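Inside the fold
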Amino acid sequence: MKKKISLALTSVVMLTILAACGGNNTNTNANTTTNKPATNETATNKPENGGTEEAAKITGEVIFLTNRTDMIDKQYVDYEKRFEDKYPGVDLKFEAITDYDKTLKIRIASGDFPDVVFTPTIPNAELPNYFAPLDDIAFSGDIHFKDLKAQEGKMYGISSGGSTVGIVYNKKAFEKAGITALPKTYDEFIAASQKLKDAGIVPLASNFKDKWPLDVWTYDIPTLIAGASDHQNKRAETDTPYTLDNEYGKSWSIIRELHTKGFLEADVNSTNWEQSKKDVASGKFGMYLLGNWVINQVIENGATSEDVGFFPFPVDNSGEAKAPLNPDFFYAVNKNGNVEAAKAFVHWMIEESGYDDFAGFIPTLKAKEPKLPQLAEFNTFNPKFFEPAAPVDAATEIQNKAQLDQAAVVQEFVLAKDPQKVLDKVNTAWAKAKKDLGL
Amino acid sequence: MFSRLSFKTQKNYVIIGFVALPLLLLLTFAYYPALELIRLSFTSWDGLSPNKPWIGWSNYKEVFENPAIFGVFKHNFAYFAVGIVQNIAAIYFAVVLNSKLKGKNFFRLLLFLPYILNGVAVAYLFGYVFDTTNGSLNYLLGQLGFDALSKTSWLGNGTFVNYTLASIGFWRFMGFNMVIYLAALQSIPNDIYEAASIDGANGWQKFISITLPNIYKIIELNLFLTVTGALEVFDLPYILTKGGPAGGSETFVMKIVETAFQFNNYGLASAMSVVLLLFVVIVLSIQRFLLKGKGE
């Protein structure tokens, strides 16, 4: 009898605990599935603390999930003080994580995430499920990248800043190699690279092994070659998006040529990103083809600001300067969080924090001039800027279905004996995925 | 309240109380996620959306039909091959360090230390060793006069990059295997060896006829660890080569991570994980079948 009682007792304990798990589950599910914006119970909870005061007064706690672990306990302390001076009712907190995208997605899936985050890599159609529209934030002027994180006419993400891509170079290295005029055409660029190589300098640091530095060859250089930024979207319309004579083939052939001519690192499969910054700073490496964000990092690694220059990459022999204008991470506001205070924070970050200057961005506000001297130098070339096209989900879907890692394809393309075979393989996978999805 | 219960009941309460907690932890953190994994493997969940569409067996079909997914298992072979050598070396060192040797505790510590190091730190460490232009290994080879060898791209050559990576695993886990073997060796009673010595057996005979049979179970255990380790390599290639050159060192677990977190295909990734689990079970069954009865 007593045995039975104890058995019953334990099973009750187990059941209640399991039931508790189950209950939680359904709750979070319900939370994420409701599409009603900001009116459900969890959302009104927080602002109600100050509901007796004026409605205009913004109060409550705001948590900003950031990827800048290096700014915690440094710049963010100052940000918090300045922001809370302006909005005394708000308690601003920072939470920094690494591996941002993966971690954030998991937290979003769990149904509970901070008030202000950077948009994760999800289709735009899903943005309204998690985030509040931000159209009513009153900026002092027009802003860049309005349409990139928009869905059905509403804006869900505001870029924290912009960047462009070009050649970041060490002026001393160029001097040593005897390069007097910056290359304005592709042929001049090759000639300059040859001069650098002859002077014992590695012309271009590709950081080939790390994959992500190769993204420029997939996103930015094709934009410049095609003269249009929607090439990634257009892939959805064809079974053979990668051919030798289209923008991808041309772009990848450039880095292939640089590799065969020995203008990249001695062994591209054994590159070291952290070391490369020091080497560009010291003049052992001549150039980077990367975003302007790298300029500050080269300076941090020992170069003086005067020694680092920046010019548009000449993709052809036309002599016309072209450059992409890319957004950085987008701020987004949790629709179930403290929306009002979060919006105030986003507004403050864009207009007053000075984060864009600190990070070396091109400011999101169109009227604001970038502070970085290298960007001013870049602008003297009068480049034609290309803002990215709003992404089309179909192309992303096919790419994910085909398990296509474009940076890995660039690697294969450069290393392969026969690049055409690499393209054939990728195109076959693409066509199959496209068919399977019925697109 | 408890004092009025009989001793037997009290005992039962204590037993249940002690067993319930670990069981509960086991169920919530091992079995529940495992079952959830199996459930997800039949869906096409994107990792985010609240609905998880059921798609039956098609994820499993994809795993086996797509050579880009299943084919990476051949990269794991290198780890397995090096793992065998690693076990032989571990037995050798265990036997040597079990004998009367000056400073044997120091050598044991020396060989075991790499195991304590964090895997990511080890990977970065060897990044500097195997670097082609600035690496210490190539520098050493150059100083020794092997000029041609000192230009080797250890991590950039598709034919042996996996062996390079596996050799790091050798360095790291050999000491761990050795410690397990050492423990087994120390449990062999000394009088057996003495009896064998009286009968005139030499060192090698003693090793074959006494040592090996006595540590057979432990060899099996170490092989088990080696095989699962070889099938589940992740941190070394992930940090050192990112799967390069051109996918030459990609392992199955890396593929799973990529599928889930880069391509947002959690369903397929779950199916791949289940397949990996089955694969481990199959390989181990084969191993057990081949070694069956030898240690009895």
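The shown structure was predicted, so the numbers you read here are calculated from the model rather than taken from an experiment. (Residues numbered from 1 in each chain as written. Chains lettered and ligands numbered in written order. Predicted model: local features only at pLDDT ≥ 70, side-chain atom pairs only at ≥ 80, totals over all residues.)

**Some words on the nonpolar core**
All names here are of chain A.
- By size, the foremost hydrophobic cluster in this structure holds 63 residues, and its most contacted members are Val-168, Met-287, Tyr-288, Leu-289, Val-298 and Val-410.
- Considering every element that reaches this core, the biggest residue donor is helix 17 (residues 406-415), with 6 residues.
- Beyond its immediate sequence surroundings of up to four residues, Met-287 is in contact with Ile-167, Val-168, Tyr-169, Pro-203, Leu-204 and Ala-205.
- Leu-65, Tyr-79, Tyr-156 and Ile-350 belong to the second-largest nonpolar core, a separate cluster that totals 36 residues. (Core = buried A, V, L, I, M, F, W, Y, C linked by C-beta atoms within 7 Å. Buried ≥ 20, exposed ≤ 12 C-beta atoms within 10 Å, placed from the backbone. Helix = DSSP H or I, 4+ residues; strand = E, 2+ residues; numbered from the N terminus. Contact = placed C-beta atoms within 7 Å.)

**Concerning helix 3 (residues 75-86) of chain A**
Residues and elements named next belong to chain A.
- Between the first and last C-alpha of helix 3 there are 17 Å, a value that for 12 residues agrees with the 16 Å anticipated at 1.5 Å per step.
- Buried within helix 3 are the following residues: Tyr-76, Tyr-79 and Phe-83. An end-on view of helix 3 places all buried positions within 50 degrees of arc, on one side of the element. Counted as exposed and oriented over 90 degrees from the buried face of helix 3: Val-77, Asp-78, Lys-81 and Asp-85.
- Elements that come into contact with the buried residues of helix 3 comprise strand 2 (90-96) and helix 13 (339-351). (Expected span 1.5 Å × (residues − 1). Arc of directions from axis to C-beta.)

**Remarks on the pairing of strand 12 (residues 330-333) of chain A**
Residues and elements named next belong to chain A.
- Neither face of strand 12 is open: one carries Phe-330 and Ala-332, the other Tyr-331 and Val-333, and all of them are buried.
- With 2 bridges connecting them, strand 6 (residues 158-159) and strand 12 associate as antiparallel partners. Bridge pairing links Ile-158 to Tyr-331 in strand 12. (Pairing = 2+ DSSP bridges.)

**Quick notes on the domain arrangement of chain A**
Residue and element names in this part refer to chain A.
- The domains assigned to chain A are domain 1 (45-161 + 328-381) and domain 2 (163-327 + 392-437).
- Look at where the C-alpha atoms of domain 1 and domain 2 centre, and you get two points 30 Å apart.
- Contact with domain 1, which involves 19 residues of that partner, is made by 18 residues of domain 2.
- If you tally residues by element for the side of domain 1 that touches domain 2, the top one is helix 15 (residues 373-379), at 5 residues. (Domains from an automatic or database assignment.)

**A short note on the domain arrangement of chain B**
- Domain annotation for chain B reports domain 1 (2-62) and domain 2 (73-250).
- Here domain 1 of chain B and domain 2 of chain B have C-alpha centroids that lie 36 Å from each other.

**Description of the confidence of the model for chain A**
- For chain A, mean pLDDT is 83; residues scoring 70 or higher make up 87% of the total.
- Per-residue pLDDT stays below 50 along residues 15-55 of chain A; that stretch engages in 32 contacts with residues further than four places along the chain or on separate chains. (pLDDT = per-residue confidence, 0-100.)

**Remarks on helix 2 (residues 58-65) of chain B**
Residue and element names in this part refer to chain B.
- Taken together, the buried positions of helix 2 are occupied by Asn-59, Glu-62 and Val-63. Each buried residue of helix 2 sits inside an arc of 100 degrees when the element is viewed along its axis, so together they form one side. Seen from the open side of helix 2, the exposed residues pointing more than 90 degrees away from its buried face are Lys-61, Phe-64 and Glu-65.
- Against helix 3 (67-70) and helix 14 (266-291) lie the buried residues of helix 2.

**A short note on the packing of helix 4 (residues 73-98) of chain B against helix 11 (residues 216-231) of chain B**
Residue and element names in this part refer to chain B.
- Relative orientation of the contacting elements helix 4 and helix 11 amounts to 155 degrees, with a least axis distance of 8 Å. By the criterion of interaxial angle, the relationship of helix 4 to helix 11 is roughly antiparallel. Crossing handedness for the pair helix 4 and helix 11: right-handed. Note on element contacts: helix 11 touches helix 4 through Asn-222, Leu-223, Thr-226, Val-227, Gly-229, Ala-230 and Leu-231, opposite Asn-76, Tyr-79, Phe-80, Gly-83, Gln-86 and Asn-87. (Axes fitted to C-alpha atoms, helices over the stretch in contact; angles between N-to-C directions. Parallel < 35°, antiparallel > 145°, perpendicular 65-115°, else oblique. Left-handed = near helix turned anticlockwise from the far one by under 90°.)

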